[in-house]
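Summary of structural features
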Amino acid sequence: MSDFLLQTVFNASYAASYMALIAVGLVLIFGVMGVINFAHGELYMAGAYAVVFFYAGLGLPFLAAVALGLVFVGCLGMLMELVLFRPLRTNPLGGLIASIGFLLMLQTIAVLGFGLRNQNVPPVSQGRITIGGAFLTYERLYVIVATVVLLTALWLFLRRSKFGWALRACAQDREAAALQGISINQTARYAMFIGAGLAGVAGAMTAPLVAPSPFMGHTVIVTAFIIIIVGGIGSLEGAVVAAILYAFVHTFVTTFYDGVIANIVGLLLMLAVLVVKPHGLFGVRERA
Amino acid sequence: MLLDVRDVHVHYHKVAALKGVSLQVPSGGIVTIIGANGAGKSTTLRSISGLVRPSSGEIHFEGERIDHLPAEQIVARGIAHVPEGRRVFPDLSVEENLRIGAFLRSDKAQIERDIERIFQRFPRLKERRTQWARTLSGGEQQMVAIGRALMSGPKLLLLDEPSMGLSPVMVQEISRIVADIVETGVPVVLVEQNAGLALRLASYAYVLEIGSVAVEGPAAELKTNDHVRRAYLGA
Ligand SMILES: Nc1ncnc2c1ncn2[C@@H]1O[C@H](COP(=O)(O)OP(=O)(O)OP(=O)(O)O)[C@@H](O)[C@H]1O
Ligand SMILES: [Mg+2]
């Protein structure tokens, strides 16, 4: 029984990791630009397809393919900022609607380029850690390690670097930030690169585990929204905590009951949090 | 003239907020802009600092035209703006708020000295340097906002209603601070609802009424102007 429990903890840690990467990116983009990026799931998908192309297709080393995925999806994010969100900055709903259009475009490109079927990505490693009867494959371990490394790096960037401060200041009050000499355009570009890049890494790292398809973004975006609502929209720490909370609840309920009940419990969790704390666990107030 | 605003018009969604405002700021002392709610005082400051774009007219600073520049480049030229309602960054500490005021500067040693100077000027902030700005009182937040603006090393300071919502003691404190800043050689444009206070501090005054300058002149003269006394000094 305790092996079974440990196994479930391993599974939940893996799910919490890549969901945290996705949700933190979504929160960062919302915080700095005030846009709900509906295309975030498709940025995750694009990261997975970068690995399909560079690793499974061209035979580059896996880590190189992941790095290329980060840069590629990060650049997609900057493109979105430039052509969609910047011209629509004064229109609160415009960015959201444009991101839905962009989502459909990315899906279409994936279908045209790679077809409708699920992609086969060769395993990166067959190794696993075994503790008693429970095991954690290296592939999943890499996802957890990558998440811890990237989120720590992001935290240090936001707290210690000048541009990190600029990002936080922008997220709190864009106009006051401009009055300190912070360029809103430049900050938005950084935020989009980082936020999209994190989703890209999540897709790239999990590609060998999920058999990527053009519509894989759907499965994560709803979960990501639940997570950022539970965490408190606009709070990066909240997104991490809520990702862990949600992944553990969801994985445990899936293991001990089934997946449908787990989805229902996930939504009930969100409702319960909103009843007790209407702005989410870490949300203090409405953000501009 | 340090700052020269010439016939500036500003529209918000086609509705005129400024209908041809002209004003001059010399390189010393306090110029005040007074007027009723909605007269266009904040809009005037916002057009100077680049937060809104004039639909016509020109703004010159140190002889160069700045009305087409984005806000961040106007700060770089030396205009610091303390906006209405203080607008400190609530989830940054007091010290981080001050340091972000020096965002465009790279002279590290001088920045450290300036931080210490600000803490000398505002001892209450020093005690609270690691505290989140959201937890400060209104007066303390005003000090953070002013300190943050000073950290950019400005050649001109724009203050929008620094006394708003403060107790009489705190208003005295803030006016002492403003006088102090001018003493150190930084000219100030002071926007105030509290016309009595503004006219006491300033050397020159503009009275804005529905988007244009109704009266202007040396502050001492405006204090005795009948219209000003009736409309703004409650006499
Ligand atoms: N963002 C905005 N959008 C639309 N109209 C605006 C905006 N900001 C100001 N206005 C309008 O412009 C006019 C001038 O406003 P402004 O804020 O400059 O006045 P003010 O003199 O600063 O008033 P107060 O003393 O109340 O701060 C007002 O009629 C106001 O309603
Ligand atoms: Mg105002």
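Residues numbered from 1 in each chain as written. Chains lettered and ligands numbered in written order. Predicted model: local features only at pLDDT ≥ 70, side-chain atom pairs only at ≥ 80, totals over all residues. Heavy atoms only, no water.

Residue and element names in this part refer to chain B. Here the magnesium ion (ligand 2) is held by Ser42 (OG) and Glu84 (OE), and the distances to it run 1.9 to 2.2 Å. Note that Ser42 is positioned in helix 1 (residues 41-48) and Glu84 in the loop between strand 6 (79-82) and helix 3 (94-101), a separation of 42 residues in sequence. Ser42 gets classed as buried once you look at its relative accessible area, which sits at 16%. By relative accessible area, which is 33% here, Glu84 ends up partly exposed. (Donors = N, O, S within 2.8 Å, 3.2 Å for Na, K, Ca; no water. Helix = DSSP H or I, 4+ residues; strand = E, 2+ residues; numbered from the N terminus. Buried < 20%, exposed > 50% of the residue type's maximum accessible area, 1.4 Å probe, protein only.)

UniProt records the feature "transmembrane region" (unreviewed entry) at residues 12-36, 96-116, 141-158, 190-211, 223-249 and 256-276 of chain A, using the numbering of this structure. End C-alpha to end C-alpha, residues 96-116 of chain A measures 26 Å, and it is 90% helix and 0% strand. (UniProt positions renumbered as here; feature names shortened; annotations may be inferred.)

Of all the 11 residues making up helix 6 (residues 162-172) of chain A, nine are buried; the element is thus mostly covered by neighbouring parts of the structure. Within the sequence span of helix 6 of chain A, burial applies to Gly164(A), Trp165(A), Ala166(A), Leu167(A), Arg168(A), Ala169(A), Cys170(A), Ala171(A) and Gln172(A). Packing partners of the buried residues in helix 6 of chain A comprise helix 1 (2-33), helix 5 (138-160), helix 7 (174-179) and helix 8 (184-210) of chain A together with helix 3 of chain B. (Contact = heavy atoms within 4.5 Å.)

Residue and element names in this part refer to chain B. Contacts to ligand 1 come from 13 residues, most closely from Asn37, Lys41, Ser42, Thr43 and Gln193. With respect to ligand 1, the side chain of Lys41 contributes an N or O atom lying 2.8 Å from an oxygen atom. Between ligand 1 and Ser42, the relevant distance is 2.7 Å, taken from an oxygen atom to a side-chain nitrogen or oxygen of the residue. Contact with the protein chains removes 61% of the 630 Å² of surface that ligand 1 exposes when unbound. Each residue belonging to the shell around ligand 1 can be placed in one class, and the counts come to four nonpolar, six polar and three charged. (Near = heavy atom within 4 Å. Polar contact = N/O pair within 3.5 Å; in protein donor to acceptor, adjacent residues only side chain to side chain. Areas by Shrake-Rupley, 256 points an atom, 1.4 Å probe, with all protein chains shown as cover. Nonpolar A, V, L, I, M, F, W, Y, C, P; charged D, E, K, R; others polar.)

This next bit is on the layout of surface pockets. All names here are of chain A. Volume-wise, the largest pocket comes out at about 800 Å³. Around the largest pocket sit 34 residues that line it, and Trp155, Arg159, Ser235, Leu236 and Glu237 are the ones nearest its centre. Contributions of two or more residues to the lining of the largest pocket are made by helix 1, helix 5, helix 6 and helix 10 (236-256). Classifying every residue of the lining of the largest pocket by side-chain character gives 20 nonpolar, eight polar and six charged. (1 Å grid on protein atoms, 1.4 Å probe; cavity = no way out; pocket = protein on both sides within 12 Å on 5 of 7 lines; lining within 4 Å. Points joined across faces, edges and corners; volume = space filled by probe spheres on them.)

With that settled, the discussion passes to the sheet that holds strand 2 (residues 15-25) of chain B. Residues and elements named next belong to chain B. Taken in spatial order, the four strands make up an open sheet running 2-1-4-5, and their pairing is antiparallel. Where the open sheet ends on each side, the last strands, each with one partner, are strand 2 and strand 5 (64-65). Where strand 1 (residues 3-12) meets strand 2, eight bridges bridge the pair, whose relative direction is antiparallel. The residue bridging Tyr12 from the neighbouring strand is Val15, located in strand 2. (Pairing = 2+ DSSP bridges.)

Another aspect to go through is empty space enclosed by the protein. All names here are of chain B. Scanning the entire structure with this criterion turns up two cavities of 30 Å³ or more. Considering only enclosed or pocket space, the largest cavity measures out at about 50 Å³ in volume. Along its surface, the largest cavity is lined by Pro162, Ser163, Val171, Ile174, Ser175, Val178, Leu190, Glu192, Leu197 and Leu201. Put simply, the parts of the chain that give the lining of the largest cavity at least two residues each are helix 7 (168-183), strand 8 (188-192) and helix 8 (195-201). Among the elements that make up the lining of the largest cavity, the one with the highest residue count is helix 7 (four residues).

Interface size is commonly expressed as the accessible area that is lost once the parts come together. Each partner contributes to the interface: chain B provides 23 residues, whereas chain A provides 20 residues. Counting each side, the surface lost to burial between chain B and chain A is near 2100 Å², with a carbon and sulfur contribution of 60%. Contact with chain A buries area across many residues of chain B, yet Arg87(B), Phe89(B) and Phe103(B) alone supply 30% of it, more than any other trio. Taken together, the links from chain B to chain A amount to four salt bridges. A salt bridge links Glu96(B) to Arg168(A), with the nearest nitrogen and oxygen atoms 3.4 Å apart. On inspection of chain B and its partner chain A, the count reaches seven residue pairs in polar contact (both at pLDDT 80 or more). Elements with a contribution of two residues or more to the side of chain B that touches chain A: helix 2 (71-77) and helix 3 of chain B. Taken together, the residues that form the side of chain B that touches chain A break down as 11 nonpolar, three polar and nine charged. (Buried area = accessible area lost by both parts, 1.4 Å probe. Salt bridge = Lys/Arg side-chain N within 4 Å of Asp/Glu carboxyl O.)

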